[in-house]
Number of protein chains: 2
Amino acid sequence: MCIQKRENQVVVPNEQFIKQAEQLKPQLYETVVKPTAIVEMKRDKKAIYGWKKEYFAPASTLPNHEYCKTDSVILDFGNHQVGFLTIKIRPAGSPPDAPLKLKLTFGEMPVEIAEPFESYDGWLSSSWLQEETIFVDVLPAVIELPRRYSFRFVKLEVIDTSPKYRVIFENVQCRAVTSANISDVQPISHQDPELQKIDEISIKTLADCMQDVFEDGPKRDRRLWLGDLRLQALANYETFKTNKLVKRCLYLFAGVPDDKGMVPASVFVAPKLMADDTYLFDYSLFFVSTLHDYYLETKDLATLQELWPTAYRQVVLALERLDKNDVVKDSSDWWSFIDWQENLNKQTPSQAVLIYTMKQAVRLAEELDTAEKDQLKVRLTEIMKAARTYLWDEKQQVFISGSHRQVSWASQIWMVLAGVLSNKENQQLMKRLFELNPAVGITTPYMYHHLIEALIIAGKRDRAILEMKTYWGGMIKDGADTFWELYDPCNKNFSPYGSHLINSYCHAWSCTPTYLIRKYHL
Amino acid sequence: MCIQKRENQVVVPNEQFIKQAEQLKPQLYETVVKPTAIVEMKRDKKAIYGWKKEYFAPASTLPNHEYCKTDSVILDFGNHQVGFLTIKIRPAGSPPDAPLKLKLTFGEMPVEIAEPFESYDGWLSSSWLQEETIFVDVLPAVIELPRRYSFRFVKLEVIDTSPKYRVIFENVQCRAVTSANISDVQPISHQDPELQKIDEISIKTLADCMQDVFEDGPKRDRRLWLGDLRLQALANYETFKTNKLVKRCLYLFAGVPDDKGMVPASVFVAPKLMADDTYLFDYSLFFVSTLHDYYLETKDLATLQELWPTAYRQVVLALERLDKNDVVKDSSDWWSFIDWQENLNKQTPSQAVLIYTMKQAVRLAEELDTAEKDQLKVRLTEIMKAARTYLWDEKQQVFISGSHRQVSWASQIWMVLAGVLSNKENQQLMKRLFELNPAVGITTPYMYHHLIEALIIAGKRDRAILEMKTYWGGMIKDGADTFWELYDPCNKNFSPYGSHLINSYCHAWSCTPTYLIRKYHL
């Protein structure tokens, strides 16, 4: 997600927490999935990225064909899969007198199969592009690829055999893995089939991201980020209720704070637990939020007691960034995520995130009846007041952000979520936001989630549903099996990474409609 | 070696023989070898294929450098190796937030490292080119590549990491394997340092081809061919004396004859023993030769008794190819190897191979005192007479071959080896051969071996040594660590496969100088 690195990072591991996280490691459910069809990728101007799949033959016909040098075949697994591929290959003709050189390309989307990865020149590592070139010295063989892939389509390309033999792909299958148990989900039968479909795909998206940890995306980054975790946990409470996995992730973050006690924005779990050297103002605060939501869901007091000091510490550190007026300091050496936008000024949304999470901290402090409770309340009042005093533009009747007084969607949305204004004011602000339609808009499903929730909070349920249908429903119309990391209905080729090939098309922060639909009975 | 396929091949396995071969499977000796230097490949017009290695730094400095995207390094293992590569890789910088994509290229020769394999357009399978592209998801890691490579040089190319981290190659090593025990070789101290060196490199070549079976070349085809086996066995008797491996290979061939009893030109041993569908007139006869040499070396009467019927059958089948004049029929639907040359007519050399091997068959039949003994002798006399009558050109005083009465080096050489002429006539013929210098010359070290032996048989030891030094000594001057599959001192770029990249630079049929030097006390 980011390349900002904090120099001189010092991590102070909490071995007790790390051990607890380790003990909560989930069991993975495995399902063997076979391809459903042989397909071809065709140019189509109306299709997303200009490519669509076209049915060619049932997958059962695969072993009928003998493949020789330069032959290829594309298999469609019918839906998004996260797992391990096995191929059984048999030779035809003379005994194989040279190795088989086979290239495999995995794609969540047709474009990944259709456009050569060699064309990729984005700024994220090309090593994320899912491909393998393997040599098979002895045939027949069962090839079990050791890496996990995230895909719906697999292209098999015979780079070379020898003039004396061909190959037959007798059996191709995927051992799909997830730590989500689909039978744990209470089915809904929504009267609106579009919302029903959005709910289903949200759940599939969440399931495919639930592995050893809540991953942001099984294709990329395959990693636990706090911002994604918060949303996944919310969707999880409404669906799988795999609450132990949320607990595990909280302990993972609490296990590797820095020397000031700040939790990192993300952690690596292999070869061992490591803090990423990225620290984000908002993500660290979302530790409070995730613990708050976890506690409200589970009433797991022991965990709350154990992790409260870590949560409280994030608030204390965030408060250090306030200026004399109790406003979050804006500066160039500081990073708050909020949304994937270079132009977005983060000051005001960050102030709102601080208020949002401090309210949750107060709730937890009350639950624990801790000494910090009263002081937190005092500060919260001051900071909310500061937001209204310094960040609210009376004339424009909107929140502004930064020295250039930027009016953005993010600032209004987060201030609504933070509950700085009255219900009526919230309602008016959200109405005004759509009327003004500020140029600094929304980039990610992550920010879209907050828009929808803000609309609901502001009592604009119909608008919330409309926006959800436009956005997530739009992805479905554009062929989503799982919801995407990035989607701009007005600019469908958008990628902040310089290429749609590297985008993740199953991304956790996009899974929240199931939470919104179920939680708010949309 | 070839792409000729015999349709409707029927193999009649002899399970008893196959079982015996299996029981003789050798133990592999393992040696851990580390690279000696970091080198660069430089253009050099005088070097073979225009490339030479240039020392850059000791290999011990490898971990001092951090490699990022597009960086590469070439390691020199100091000598030819056949084995399995292990690399220990450590990240530097931030925790690795994307997989490492690493390309490895293995080369027996500098040219394989210097010229991109993408440029290859020869007619053998490109899958023989030794390379891998691997993705490493978790770092640090110890990568144990599962395939065996034949190489001196390894190029490591970092295709991508991420902007946040680099990699350090902490330890690279090769687990070299061979079924030859180097301590079994009686060292010689030759007064001629050039012959001493040729002897050493012959032995290294043989050792690197001695694996589970006598392979033709550890890079390509990694397979047991009868023509190579015969020569390897001869070199082996003078050096390693791993006679059980010769016995194993004889049983492998005898285990999979066709429905007429003919042994194939080569066999595959994985995933299980399989006869190749290539059958060569001369190679099948060399089963007799290899059994003969094995018996003379070991006096293993039980094996001779058991395998005699297979050997005798090869002679009987070869005799079926004789015309009414007792001359080997020439035709287009027939293949005898002799040498890697399209222009070479194979009739007369094949007649000579028949005589050569029939003499050995007679010797074995006498040893066994079998009923076939006398009949074999009678036929041998007739066939030798036929050779003189129909294949000897009185006017030119040379052997001719085929309907176009081709005068080739191969015909004269093989007839000398077959002992069709008197010693004096042999001497004169070899002298005349050099004077005439027929256009249809010698292509492979395999045929060069027969030239040297024919010179020795004809009493021309000095000429034999001179030719050996020119040919094998030439390879050494051109940088051979092991002797090559192909070498033409006058046309060093020669490859029958359309590219020198695919040539094997450690090839069994090139290992015979140690046999010639030691057997004939050169």
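Residues numbered from 1 in each chain as written. Chains lettered and ligands numbered in written order. Predicted model: local features only at pLDDT ≥ 70, side-chain atom pairs only at ≥ 80, totals over all residues. Heavy atoms only, no water.

1. Digging into the environment of Asp97(A)
Residues and elements named next belong to chain A. Counting through the fold element by element, aspartate 97 comes out in the loop between strand 4 (72-93) and strand 5 (100-107). Overall, aspartate 97 belongs to the buried group, its relative accessible area being 11%. Each C-alpha atom, one on aspartate 97 and one on arginine 461, is 67 Å from the other, the two residues being 364 residues apart in sequence. Within the structure, aspartate 97 has its side chain in polar contact with the side chain of serine 162 (distance 2.5 Å). (Helix = DSSP H or I, 4+ residues; strand = E, 2+ residues; numbered from the N terminus. Buried < 20%, exposed > 50% of the residue type's maximum accessible area, 1.4 Å probe, protein only. Polar contact = N/O pair within 3.5 Å; in protein donor to acceptor, adjacent residues only side chain to side chain.)

2. Overview of the sheet that holds strand 12 (residues 274-275) of chain B
Residue and element names in this part refer to chain B. Read across the open sheet, the three strands follow the order 10-11-12; overall the sheet is antiparallel. Two strands in the sheet have a free side with no partner beyond their single neighbour: strand 10 (224-225) and strand 12. For strand 11 (residues 266-268) and strand 12, the ladder comprises two bridges, and the chain directions are antiparallel. Counted as the bridge partner of phenylalanine 268 is methionine 274 from strand 12. (Pairing = 2+ DSSP bridges.)

3. Concerning the domain arrangement of chain A
Residues and elements named next belong to chain A. We note that the domain assignment places domain 1 (1-28 + 211-320) and domain 2 (29-178) within chain A. Domain 1 and domain 2 are separated by 36 Å when their C-alpha centres are compared. Tallying the contact residues gives 10 residues for domain 1 and 15 residues for domain 2. The contact between domain 1 and domain 2 buries some 1,300 Å² in all, and 55% of this surface belongs to carbon and sulfur atoms. (Domains from an automatic or database assignment. Contact = heavy atoms within 4.5 Å. Buried area = accessible area lost by both parts, 1.4 Å probe.)

4. Focus on the nonpolar core
Of all hydrophobic cores here, the largest spans 154 residues; its most connected members are Tyr283(A), Leu354(A) and Ile413(A). At 11 residues, the largest contribution of residues to this core is made by helix 8 (residues 347-368) of chain A. Counting only domains with at least three residues in this core, you end up with domain 1 (1-28 + 211-320) and domain 2 (29-178) of chain A. For Leu354(A), the contacting residues outside a window of four places in its chain are Phe281(A), Leu285(A), Ala318(A), Leu319(A), Leu322(A), Val328(A) and Ile383(A). One finds Phe214(B), Leu245(B), Phe286(B) and Ala410(B) within the second-largest nonpolar core, a separate group that totals 152 residues. (Core = buried A, V, L, I, M, F, W, Y, C linked by side-chain atoms within 4.5 Å.)

5. What to know about the pairing of strand 8 (residues 149-160) of chain A
Residues and elements named next belong to chain A. Among the 12 residues in strand 8, 10 count as buried, and that is most of the element. Where strand 4 meets strand 8, eight bridges bridge the pair, whose relative direction is antiparallel. Residue valine 73 lies in a different strand from strand 8, and its bridge partner there is leucine 156. Pairing geometry for strand 5 and strand 8, over seven bridges, is antiparallel. For threonine 105, the partnering residue across the bridge sits in strand 8 and is lysine 155.

6. Section: the state of the cysteines
Evaluated as defined, the whole model comprises zero disulfides over all chains. Free cysteine Cys506(A): the closest other cysteine sulfur is in Cys209(A), separated by 4.0 Å. Looking at Cys506(A), the relative accessible area reads 0%, which means it is buried. Of all cysteine sulfurs, the one in Cys209(B) lies closest to Cys511(B), which takes part in no disulfide; the gap is 6.9 Å. Assessed through its relative accessible area of 0%, Cys511(B) is described here as buried. (Disulfide = S-S within 2.5 Å.)

7. A closer look at helix 4 (residues 226-238) of chain A
Residues and elements named next belong to chain A. With 13 residues, helix 4 extends 19 Å from end C-alpha to end C-alpha; this agrees with the ideal 18 Å at 1.5 Å per step. Burial of helix 4 is extensive: 12 of the 13 residues sit out of reach of the surface. Those residues of helix 4 that fall on the buried side of the exposure criterion are Leu226, Gly227, Asp228, Leu229, Arg230, Leu231, Gln232, Ala233, Leu234, Ala235, Asn236 and Tyr237. (Expected span 1.5 Å × (residues − 1).)

8. Some details on the packing of aromatic side chains
Residue and element names in this part refer to chain A. For the coordinates displayed, the defined rule picks out 58 aromatic pairs over all chains. Plain terms: the ring middles of tryptophan 484 and tyrosine 505 are 5.6 Å apart, the flat faces sit at 85° to each other, and that makes the pair edge-to-face. Here tyrosine 505 lies in the loop between helix 13 (461-477) and helix 14 (513-519) and tryptophan 484 lies in the loop between helix 13 and helix 14, a separation of 21 residues in the sequence. According to the relative accessible area criterion, tryptophan 484 is buried, its value standing at 1%. (Phe/Tyr/Trp six-rings, centres within 6.5 Å; stacked < 30°, edge-to-face > 60°.)

9. Observations concerning the interface of chain A and chain B
The interface is formed by 42 residues belonging to chain A together with 42 residues belonging to chain B. In this assembly, chain A and chain B are joined by 10 salt bridges. For Asp137(B), the salt bridge goes to Arg147(A), with nearest N and O atoms at 2.8 Å. If you look at where chain A meets chain B, you find 21 residue pairs in polar contact (both at pLDDT 80 or more). Sorting the residues of the side of chain A that touches chain B by element identifies strand 5, strand 6 (131-136) and strand 12 (274-275) of chain A as the ones contributing at least two each. In terms of residues, the side of chain A that touches chain B owes the most to one element, strand 6 of chain A, which gives four residues. (Salt bridge = Lys/Arg side-chain N within 4 Å of Asp/Glu carboxyl O.)

10. Concerning unusual backbone geometry
For the bond running from Leu139(A) to Pro140(A), omega is 0°, close enough to zero to count as cis. The peptide bond linking Ala270(B) to Pro271(B) adopts the cis configuration, its omega dihedral lying at 0°. If you trace the backbone, Pro271(B) turns up in the loop between strand 11 and strand 12. In the Ramachandran plot, Lys299(A) falls in the positive-phi region, its phi being about 55° despite a non-glycine side chain. With respect to the helices and strands, the residue Lys299(A) is situated in the loop between helix 6 (281-298) and helix 7 (301-319). You can call Lys299(A) partly exposed: its relative accessible area is 47%.

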